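# Coordinates in review
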Amino acid sequence: MEIVEGKRIFNGIVIGKPYIDNKKNIEIKCYDISEDEIEDEIDRLKTAVEAAKLEIKHLKESLKGRIKKEELQILVVHKMLLEDPQFMSDIKKAVKLEKKNVEYIVRKVADKYIIMFESLYDPIYKQRALDIKDISERIIYNLVFLSSTYKELEGKILIGKELFPSELLKIYYSGIKLGGIILEYAGETSHTAILAKAMEIPTIMGVKNLFEVNWGELLILDTVSEEPRIINDPDEKTLKIYEEKAKKFKKATEEIEKSINLPSVTLDKEEIDLYINLGGRLDITEINKKNPQGIGLLRTELIYMDNDEFPSEEKQMKLYEKIAEDFGKKKPIIIRTLDIGADKNLPYYAMEPEENPSLGCRGIRFTLSNRDIFKTQLKAILRASIENEIKIMYPMVTTVKEIRESKKLLIQCKEELKEEGIAYREEIEVGIMIEVPSVVLLAETFAKEVDFFSIGTNDLTQYILATDRFSEAVHDIYNSLDPAVLKAVDIVAQAGKKFNKKVSVCGEMAGDEIGALALMSLGIKNLSMIPSSIPKIRNLVRKIEFKKLGQLREKILESLSPKEVKEILEEYLKNL
């Protein structure tokens, strides 16, 4: 028996078999197929090629601004090869002629091209041989993984170095239910971590030297204990203890779910509004089961990413109206305007390379620099808001000038719609994301300019502590419970109270029990989170006394470390 430690991402106790996701050394079996199976094999090829294109797109987007533009050309070449009609035609013809499985044929055809190019003297052709090897292995991996591995993952604990968000989504949309996830990569605010929480998959990240562990046939994944752990190859005594723990955890989870339709009100009758952060597909049935009070953050960049060009005013308007209709017209929806830059890029728009894109042209800086794109979105929101409780929110605001420029632009949009005879909402609330220290320091000034604040604790933590939230090297420093971050939140909360402006939090912190307690102790009554976090936070709200929790404010703000803050709040939580 061996204990392996890591960083908790989503709570749960799982007893299950491991699946080691080592993408190297893909073994290919050659087998005969019948005439009737030929089209199925070609369909598998198409699916694997499309998946490879998506992976290249994701990789290209994630590398923009980090490496030179010329060096990204290799990915353009790979995408061109995936779309090369001759290469694909040769594979399809060989499948039909030889009646063999497609992964075997892909390697055979690729080997033919590789040998041909390697025999040529020109180094450009030798490089082309490497390119073909790269993309053929990518296709083969997708063929093997998509066809067989997904089924093998059912109920198992996936162990891997890292897991791309696109891979996790593919597993999820294939109807496969993972038992748990164990990763070497340690990005607790990464898109993969956020997805794992949204999908409610018990997950541990930041496991060091993961492939040096001699994984047994059975694991216990425990992210509920104070020190999250993986118990590798547990003995009978430990297994029985954890079987009982798993039953208790399941029962406690079921009890939490029972409070799903109860109001989010504290013992001393304070209402705490619980909203959801939303991006990508809207599964309204699943979301409404959580009974949120609104959408506190609609990430529109995902709408842009799903297009081959900037979506038109008409298309955006219909999308926003559909979301409002499905979600419930009377529920408030806060639409965040386009927030690209840093780790988020569009496949059809080339951002200028920057040394540090996290501090570069992103959020409102981008939209104010590209006013036609900004105006198209603002008009779509104004039109979609006529019968819906929609509000506008600007991301990455740094200066008062940006707000005033945005106000002028919004007025201009209204005037243009009026001239065109198109109906729109005249009075609409406008707020800002608070992610930058400059806005915290001028919170009272900004409170006079806008209708509401929404604190993005992910980026605010990053900028206050000067730590890249995606960096493994400094992930121990990155902590939203740091007293400096909490003091920043408190400054904003006090400014909101003074000027009667609503203050909400839409960072990952809001969906964590300890994080939510910290925020409520500072007077925050509006929390927005991933849908899966709503039940546990509602259950927590119904157990606390708001005024009593508020008595911890001074103690928390006087703390010297995240550890001290956590200990104070854990003690409070134990006594509930």
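How each quantity is defined
Residues numbered from 1 in each chain as written. Predicted model: local features only at pLDDT ≥ 70, side-chain atom pairs only at ≥ 80, totals over all residues. Heavy atoms only, no water. Helix = DSSP H or I, 4+ residues; strand = E, 2+ residues; numbered from the N terminus. Buried < 20%, exposed > 50% of the residue type's maximum accessible area, 1.4 Å probe, protein only. Contact = heavy atoms within 4.5 Å. Areas by Shrake-Rupley, 256 points an atom, 1.4 Å probe, with all protein chains shown as cover. Salt bridge = Lys/Arg side-chain N within 4 Å of Asp/Glu carboxyl O. Pairing = 2+ DSSP bridges. Axes fitted to C-alpha atoms, helices over the stretch in contact; angles between N-to-C directions. Parallel < 35°, antiparallel > 145°, perpendicular 65-115°, else oblique. Nonpolar A, V, L, I, M, F, W, Y, C, P; charged D, E, K, R; others polar. Expected span 1.5 Å × (residues − 1). Phe/Tyr/Trp six-rings, centres within 6.5 Å; stacked < 30°, edge-to-face > 60°. Lys NZ or Arg CZ within 6 Å of the ring centre and 35° of its normal.

Regarding its fold elements, the protein presents 23 helices and 17 strands. In the protein, which comprises 576 residues, the share counted as buried stands at 53%. Put simply, of all contacts in the protein between residues at least 6 apart along the chain, 68% involve residues at least 24 apart. For the protein, the exposed area adds up to about 27,800 Å²; of that, 51% sits on carbon and sulfur atoms.

Take the pattern of salt bridges next. Under the definition given, this model contains 32 salt bridges. Taking the shortest distance from any N to any O, the salt bridge between Glu 200 and Lys 290 comes out at 3.2 Å. With Glu 200 in the loop between α7 (191-198) and β7 (203-205) and Lys 290 in the loop between α9 (284-289) and β11 (295-299), this residue pair connects regions lying 90 residues apart in the sequence. For Glu 200, a relative accessible area of 34% gives the class partly exposed. Two residues, Glu 429 and Lys 391, come together in a salt bridge whose shortest N-O distance is 3.8 Å. On the criterion of sequence distance, the pair formed by Glu 429 in the loop between α14 (400-419) and β14 (430-434) and Lys 391 in strand β13 (residues 390-394) is long-range, its members being 38 residues apart. The exposure class of Glu 429 is partly exposed, given its relative accessible area of 37%. Using a relative accessible area of 14% as the deciding quantity, one classes Lys 391 as buried. A single salt-bridge network, built from bridges that share partners, covers Lys 375, Lys 379, Glu 416 and Glu 420.

Below, the discussion takes up the sheet that holds strand β17 (residues 526-529). Strand order around the closed barrel formed by eight strands is β10-β11-β12-β13-β14-β15-β16-β17, with parallel pairing between neighbours. This sheet shows a mean twist of 25 degrees between the axes of neighbouring strands, independent of strand direction. Across four bridges, strand β12 (residues 333-336) lies against β13 in parallel orientation. Directly across from Arg 336, in β13, lies its bridge partner Met 393. Strands β12 and β13 of the sheet are contacted by helix α13 (residues 371-384), whose axis makes an angle of about 155 degrees with β13.

Here helix α19 (residues 513-521) crosses helix α23 (residues 562-574) at 95 degrees, and the two axes come no closer than 10 Å. Taken together, the axes of α19 and α23 lie roughly perpendicular to each other. Contacts between α19 and α23 involve Ile 514, Leu 517 and Ala 518 from the former and Lys 566, Leu 569, Glu 570, Tyr 572 and Leu 573 from the latter. In the contact of α19 with α23, the residues fall into six nonpolar, no polar and two charged.

What follows concerns α14. With 20 residues, α14 should cover 28 Å at 1.5 Å per step; its first-to-last C-alpha distance of 29 Å lies within 8% of that length. By the burial criterion, the buried members of α14 are Val 400, Glu 402, Ile 403, Glu 405, Ser 406, Leu 409, Leu 410, Cys 413, Lys 414 and Leu 417. Each element contacted by the buried residues of α14 is listed here: α11 (313-327), α12 (364-369), α13, β13, β14 and α16 (443-447). Taken from the residues just after α14, Gly 421 is the one with a positive phi, measuring 75 degrees.

This part is about the sheet that holds strand β2 (residues 7-10). Strand order across the open sheet formed by five strands is β2-β7-β6-β5-β4, with mixed pairing between neighbours. Strands with a single pairing partner mark the edges of an open sheet, and in this sheet they are β2 and β4 (18-21). Ignoring which end each strand starts from, the neighbouring axes of this sheet average 20 degrees apart. Of the pairings in the sheet, the one linking β4 to strand β5 (residues 157-160) comprises four bridges and is parallel in character. Looking at the pairing, Pro 18 lines up with Ile 157 of β5.

This part is about the packing of aromatic side chains. What describes a pair of aromatic rings is the distance from one ring centre to the other and the angle between the planes of the rings. Tallied over the entire structure, the rule returns five aromatic pairs. Ring centres 6.2 Å apart and planes at 75 degrees place the aromatic pair Tyr 304 and Phe 310 in the edge-to-face group. Relative accessible area serves as the criterion here: at 1%, Tyr 304 is assigned to the buried category. Three or more aromatic residues joined by ring pairs form one cluster here, namely Tyr 304, Phe 310, Tyr 349 and Phe 366. The ring of Phe 327 has Lys 331 sitting right over it, with the charged end atom 5.0 Å from the ring centre.

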